[in-house]
Amino acid sequence: MTARLKRLGLRGRNLVTAVPYLWLIVFFLIPFAIVLKISFSTTQIAMPPYEPLLHWAGEKMLQIQLNLANFAFLVQDDLYGTAYLNSIWVAGVSTLICLLIGYPIAYAIARSSPSTRNILMLLVVLPFWTSFLLRVYAWIGILKNNGLLNNFLLWIGVIDQPFQMLQTDFAVYVGIVYSYLPFMILPLYANLEKLDLTLLEAAEDLGCRPWQAFYKVTLPLSKPGIIAGCLLVFIPAVGEFVIPSLLGDPGMLMIGKVLWTEFFNNRDWPVASAVAIALLLFLVIPIMFYQRAQDAEAGGGVHR
Amino acid sequence: MSTSPRAAQQKFEPWKDPEAKPYVRIEKITKQFGDFLAVDDVSLDIYKKEIFCLLGASGCGKTTLLRMLAGFERPTSGRIYIDGVDMTSIPPYERPVNMMFQSYAVFPHMTVEQNVAFGLKQEGLPRTEIAKRVVDMLDLVKLGQFAKRKPHQLSGGQRQRVALARSLVKKPKLLLLDEPLAALDKKLREHTQFELINIQETLGVTFIVVTHDQEEAMTLSSRIGLMNHGEIIQVGTPSEMYEYPASRFAAEFIGSVNMFEGRLIEDEPSYVRIECDDLEVPIYVDHGISSSPGATVWAAIRPEKIMMSREKPQQADNWASAIVQDIAYMGDMSIYLLRLDSGKVVRITQPNTYRHADDRITWDERVHLSWHPESPVVVTK
Ligand SMILES: Nc1ncnc2c1ncn2[C@@H]1O[C@H](COP(=O)(O)OP(=O)(O)O)[C@@H](O)[C@H]1O
Ligand SMILES: [Mg+2]
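Residues numbered from 1 in each chain as written. Chains lettered and ligands numbered in written order. Predicted model: local features only at pLDDT ≥ 70, side-chain atom pairs only at ≥ 80, totals over all residues. Heavy atoms only, no water.

Asker: Help me understand the overall build of chain B in this model?
Answerer: Across its full length, chain B holds 8 helices and 20 strands. Dimensions of chain B, computed from C-alpha atoms along their principal axes, come out at roughly 75 × 50 × 40 Å. Counting every position in chain B, which comprises 381 residues, the buried fraction comes to 51%. Long-range contacts, defined here as pairs at least 24 residues apart, represent 66% of the contacts in chain B between residues at least 6 apart. Summed over its atoms, the accessible surface of chain B is roughly 18,000 Å², and 49% of this surface lies on carbon and sulfur atoms. Charge-centre separation for chain B: the mean point of 46 positive side chains lies 10 Å from the mean point of 51 negative side chains. (Helix = DSSP H or I, 4+ residues; strand = E, 2+ residues; numbered from the N terminus. Buried < 20%, exposed > 50% of the residue type's maximum accessible area, 1.4 Å probe, protein only. Contact = heavy atoms within 4.5 Å. Areas by Shrake-Rupley, 256 points an atom, 1.4 Å probe, with all protein chains shown as cover. Lys, Arg positive; Asp, Glu negative; His and termini not counted. Charge placed at Lys NZ, Arg CZ, Asp CG, Glu CD.)

If you want it as structure tokens, here you go:
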């Protein structure tokens, strides 16, 4: 009886752990496999707009045809290289700005009294209650030549003619930083909030001024929060499409826009898939290795 | 009661020397949180090389007083002098004082070695000197082979020693220890108590130790400051605190005691007689006290100072008759709970000198208690 229960219990536990795996298989691995498959295919005017990988050659022979030309194309045309580098640069700078703004905010919230803390956190996530697209559109109204910001600057007399902000890199940075800031603040706050304040007192007791205690204790201990926040901002920002197309210079090459053009304007699904796969390989794999190294260094330590 | 290892040494009693200058002077310190008085008008003089224990129940303000010495809290009023210098408004990082936190507060992102070196690096000492002092200190606290470990790879006792080493390596004039042994198990705690005393004597640092454990205070300290509700109730050596408690609270907090409430019926300079409702005959004490006849007083008698026999004592005072209600065999001694005819239960202890004693007094026997005239301590509050 107990043995059977135990077996049942074990099976129940397996079921529970199976849920996230199932989720990843259905919503990540299978779509990824499909995109990978398309990236090795050749475009054709049909529905779907690419050739199948598998052919029946004769009666009983299944032939697989991998087309590597799409990937070769990415290397040959330096449009793609430029777009990748541009995207990584923009995402990197935006991540840095988010960190510089987000860290003090997260720190201040974590140090405020428990009741104000909840209100402030609510305010941080409040923008999520309106559509992302609407919020980006709102920035057009603020940044355009006769928009809110220019009119304000004209009114206080800092400038005497409107200042071109929309359709510049500046607008893209503003849009990305604004949209992704909460993703920086949330993990940082979660980390800073559980910092043991007696560690700071211990540092002061051993001769640190408050800023030195911050630099030697708070900052290194918040590293996991910094990494989590940066990844949460950087990864989606690299593939960002909406913000550069609405706020940025139409000529600005970003990999998200290239992807869109390949899919919907050129209807070249195989090349578009190759772009997506390359993006994944360039970004996610180094990040995975980096995280594994971090975990090994922490040695199952403090934040577990 | 444990005996202090200091008792065996030559007399160390700077507080009795009118010439001696106190090393730490706490002058009328008060600390309020809102309208709550956490520390209430405390004045203390603590001398060089003392181990001074602040003893008191949880919440009585010990930590708050210690944190004011370290500089983490500003007193609401009063002043603190260390080595003659007014420290009241000096920030913690400029005080010649180090604190060992109750939670140890060992830096989790640094190895044992880095933790110990932290304060020295902060002083900007040369690298070779830092390395040498860290090695010496780790040897002293027997952590040499753990130098490269991170705190999460250490046991509680080892973390405690990292915290101790980290604060001692700075060679502070004064080390503040907040419940340094509370998180350790009993065996380790007793062992560490003696280690602490050895280290303190080796380095000649002045210790102020906070504890809620009276046995720990008795073992460690040169003097004890007993606290209650933010006030210092009594200051004295462990034996003074035990043998001459100044109040019912002090008598009951340190060790166990039998408290007899009564009225002063004879009040002479050389003796007093106290009549108690619980006793058939008066208590006779062979020294005078300063109180007026008829006043309510309490006579406190320690369990080991009461004798027990089957025969009725010959003396007129200082005895009682009782029934054995319970016996607890503790190995080295036995505790007897004896019920007086009034219903009051008296606790006495007897050493188990002989392994087999067939005529040992046992349950439900009628016995007689007696004590010497010098044994009771009379307190008036
Ligand atoms: N920062 C603070 N704010 C308000 N009350 C406090 C603060 N620190 C301590 N107290 C109160 O002061 C009293 C004494 O605390 P503490 O010194 O920590 O006691 P102990 O160390 O003797 O257990 C407690 O009742 C505690 O609640
Ligand atoms: Mg405390």
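Asker: In this structure, what is going on with the pairing of strand β16 (residues 319-329) of chain B? I would like to understand it.
Answerer: The side chains of a regular strand alternate between the sheet's two faces. All names here are of chain B. Sheet topology places β16 next to strand β19 (residues 366-370); 5 bridges connect them, and they run antiparallel. Pairing of Ala320 across the sheet is with Leu369, part of β19. Of the pairings in the sheet, the one linking β16 to strand β17 (residues 333-340) comprises 7 bridges and is antiparallel in character. The residue of β17 that forms the bridge with Ala322 is Leu340. Counting the residues in the hairpin turn of β16 and β17 gives 3 residues, including Gly331, whose phi is positive at 95°. (Pairing = 2+ DSSP bridges.)

Asker: Would you mind going over the site of ligand 1 with me for this structure?
Answerer: Residue and element names in this part refer to chain B. The full set of residues close to ligand 1 is Phe33, Phe36, Ala38, Ala57, Ser58, Gly59, Cys60, Gly61, Lys62, Thr63 and Thr64. Measuring from an oxygen atom of ligand 1, one finds a backbone N or O atom of Cys60 at 3.2 Å. For ligand 1, an oxygen atom lies 2.5 Å from a polar atom in the side chain of Thr64. Protein contacts shield 59% of the accessible area of ligand 1, which totals 560 Å² for the unbound molecule. No other element matches helix α1 (residues 62-70), which puts 3 residues into the shell around ligand 1. Looking at the shell around ligand 1 residue by residue, the classes come out as 5 nonpolar, 5 polar and 1 charged. (Near = heavy atom within 4 Å. Polar contact = N/O pair within 3.5 Å; in protein donor to acceptor, adjacent residues only side chain to side chain. Nonpolar A, V, L, I, M, F, W, Y, C, P; charged D, E, K, R; others polar.)

Asker: Just to check I follow, could you spell out the sheet that holds strand β20 (residues 377-379) of chain B for this structure?
Answerer: Within a sheet, adjacent strands bond to each other through the backbone by hydrogen bonds, running parallel or antiparallel. Residues and elements named next belong to chain B. Spatially, 5 strands are ordered β13-β12-β11-β14-β20 in an open sheet, and the strand pairing comes out antiparallel. Because the sheet does not close on itself, it has two edges, and the strands there are β13 (283-285) and β20. Averaged over all adjacent pairs, the angle separating strand axes in this sheet is 40°, with direction ignored. (Axes fitted to C-alpha atoms, helices over the stretch in contact; angles between N-to-C directions.)

Asker: Whenever I open this one, the sheet that holds strand β15 (residues 307-309) of chain B confuses me. Can you help?
Answerer: All names here are of chain B. Pairing within the open sheet is antiparallel, and its 5 strands lie in the order β15-β19-β16-β17-β18. Each having just a single partner strand, β15 and β18 (345-351) make up the two edges of the open sheet. When strand polarity is set aside, the average angle formed by the axes of neighbouring strands in this sheet is 45°.

Asker: Is there a simple way to think about the pattern of salt bridges in this case?
Answerer: Counted by the stated rule, this structure contains 24 salt bridges over all chains. Residues Arg273 of chain B and Glu266 of chain B are paired through a salt bridge, measuring 3.0 Å at the closest nitrogen-oxygen approach. A salt bridge links Lys305 of chain B to Glu304 of chain B, with the nearest nitrogen and oxygen atoms 3.1 Å apart. Its relative accessible area of 38% is what places Glu304 of chain B among the partly exposed residues. Residues joined in a network through salt bridges with shared partners are Glu201 of chain A together with Lys31, Arg67 and Glu73 of chain B. (Salt bridge = Lys/Arg side-chain N within 4 Å of Asp/Glu carboxyl O.)

Asker: I tried to follow the side chain of Gln212 of chain A on my own but got confused; where do I start?
Answerer: Mapped onto the elements, Gln212 of chain A comes out in helix α9 (residues 210-221). A relative accessible area of 18% places Gln212 of chain A in the buried class.

Asker: Hey, could you run me through the interface of chain B and chain A in this one?
Answerer: Interfaces are often described in size by the accessible area the parts lose on coming together. Counting residues at the interface gives 25 residues for chain B and 22 residues for chain A. Summing the contributions of chain B and of chain A, the shared interface buries around 2,000 Å²; its carbon and sulfur component is 60%. At the boundary of chain B and chain A, one finds 2 salt bridges. A salt bridge links Arg67 of chain B to Glu201 of chain A; the nearest nitrogen and oxygen atoms lie 2.7 Å apart. Our count for the chain B to chain A interface comes out at 8 residue pairs in polar contact (both at pLDDT 80 or more). At the level of elements, α1, β6 (97-100), α2 (112-123) and α4 (156-168) of chain B are the ones that each hand at least two residues to the side of chain B that touches chain A. (Buried area = accessible area lost by both parts, 1.4 Å probe.)

Asker: Whenever I open this one, the packing of helix α5 (residues 132-143) of chain A against helix α6 (residues 148-156) of chain A confuses me. Can you help?
Answerer: When two helices pack together, their arrangement is captured by the angle between the axes and the distance separating the axes. Residue and element names in this part refer to chain A. For the pair α5 and α6, the least separation of the axes is 4 Å and the interaxial angle reads 25°. Judged by the inter-axis angle, α5 sits roughly parallel to α6. Between α5, through Gly141, Ile142 and Leu143, and α6, the contact on the second element is made entirely by Leu148, Leu149 and Asn150. When its residues are assigned to classes, the contact of α5 with α6 shows 4 nonpolar, 2 polar and no charged. (Parallel < 35°, antiparallel > 145°, perpendicular 65-115°, else oblique.)

Asker: Can you walk me through the side chain of Arg133 of chain B in this structure?
Answerer: Mapping Arg133 of chain B onto the fold places it in helix α3 (residues 127-140). Those residues in contact with Arg133 of chain B, other than ones at most four positions away along the chain, are Leu120, Leu125, Val169, Lys170 and Lys171 of chain B.

Asker: Even after reading the chapter, I still don't get the environment of Phe163 of chain A, so can you show me in this structure?
Answerer: Within the secondary structure layout, Phe163 of chain A lies in the loop between α6 and α7 (169-193). Not counting residues within four places of it along the chain, the set of residues in contact with Phe163 of chain A comprises Asn145 and Asn150 of chain A.

Asker: Can you help me understand the packing of aromatic side chains in this one?
Answerer: The description of two aromatic rings rests on the distance between their centres and on the angle between their planes. In the structure shown here, the tally under the stated rule is 22 aromatic pairs over all chains. Plain terms: the ring middles of Phe263 of chain A and Phe264 of chain A are 6.0 Å apart, the flat faces sit at 40° to each other, and that makes the pair tilted. Assessed through its relative accessible area of 25%, Phe263 of chain A is described here as partly exposed. By the ring-pair criterion, three or more aromatic residues cluster together here, those being Tyr50, Phe241, Trp260, Phe263, Phe264 and Trp269 of chain A. Above the face of the Tyr242 of chain B ring, Arg302 of chain B is positioned so that its terminal group lies 4.0 Å from the ring centre. (Phe/Tyr/Trp six-rings, centres within 6.5 Å; stacked < 30°, edge-to-face > 60°. Lys NZ or Arg CZ within 6 Å of the ring centre and 35° of its normal.)

Asker: Help me out: how do you make sense of unusual backbone geometry in this one?
Answerer: For residues besides glycine, phi is generally negative; the peptide bonds are generally trans as well. Residues and elements named next belong to chain B. One non-glycine residue, Lys142, lies in the positive phi region at around 60°. Mapping Lys142 onto the fold places it in the loop between α3 and α4. Positive phi outside glycine occurs at Lys171, with the angle close to 50°. Overall, Lys171 belongs to the exposed group, its relative accessible area being 60%.

Asker: Help me understand empty space enclosed by the protein, please; the structure alone is not making it clear to me.
Answerer: Residues and elements named next belong to chain B. A full pass over the atoms with the stated rule returns 1 cavity of 30 Å³ or more. Of the voids in this model, the largest cavity is the one considered here, and its volume is about 30 Å³. If you trace the largest cavity, you find it lined by Val141, Gln160, Arg161, Leu164, Thr192, Glu195, Leu196 and Ile199. At the level of secondary structure, the elements contributing two or more residues to the lining of the largest cavity comprise α4 and α5 (186-203). Looking at which element gives the most residues to the lining of the largest cavity, the answer is α5, with 4 residues. (1 Å grid on protein atoms, 1.4 Å probe; cavity = no way out; pocket = protein on both sides within 12 Å on 5 of 7 lines; lining within 4 Å. Points joined across faces, edges and corners; volume = space filled by probe spheres on them.)

Asker: Would you mind showing me how to read the confidence of the model for chain B here?
Answerer: As a general rule, the predicted coordinates of low-pLDDT regions are not to be interpreted in detail. Here chain B averages 88 in pLDDT, while 97% of its residues score no lower than 70. Reported confidences for the modelled complex are a pTM of 0.82 and an ipTM of 0.83. (pLDDT = per-residue confidence, 0-100.)

Asker: I tried to follow the confidence of the model for chain A on my own but got confused; where do I start?
Answerer: Residue and element names in this part refer to chain A. Predicted confidence across chain A gives a mean pLDDT of 87, with 93% of residues reaching 70 or more. Mean pLDDT per element in chain A: strand β1 (residues 54-57) is the minimum at 74, and α7 is the maximum at 95. For residues 300-304, every residue scores under 50 in pLDDT, and the model assigns this stretch 8 contacts once sequence neighbours within four places are set aside.

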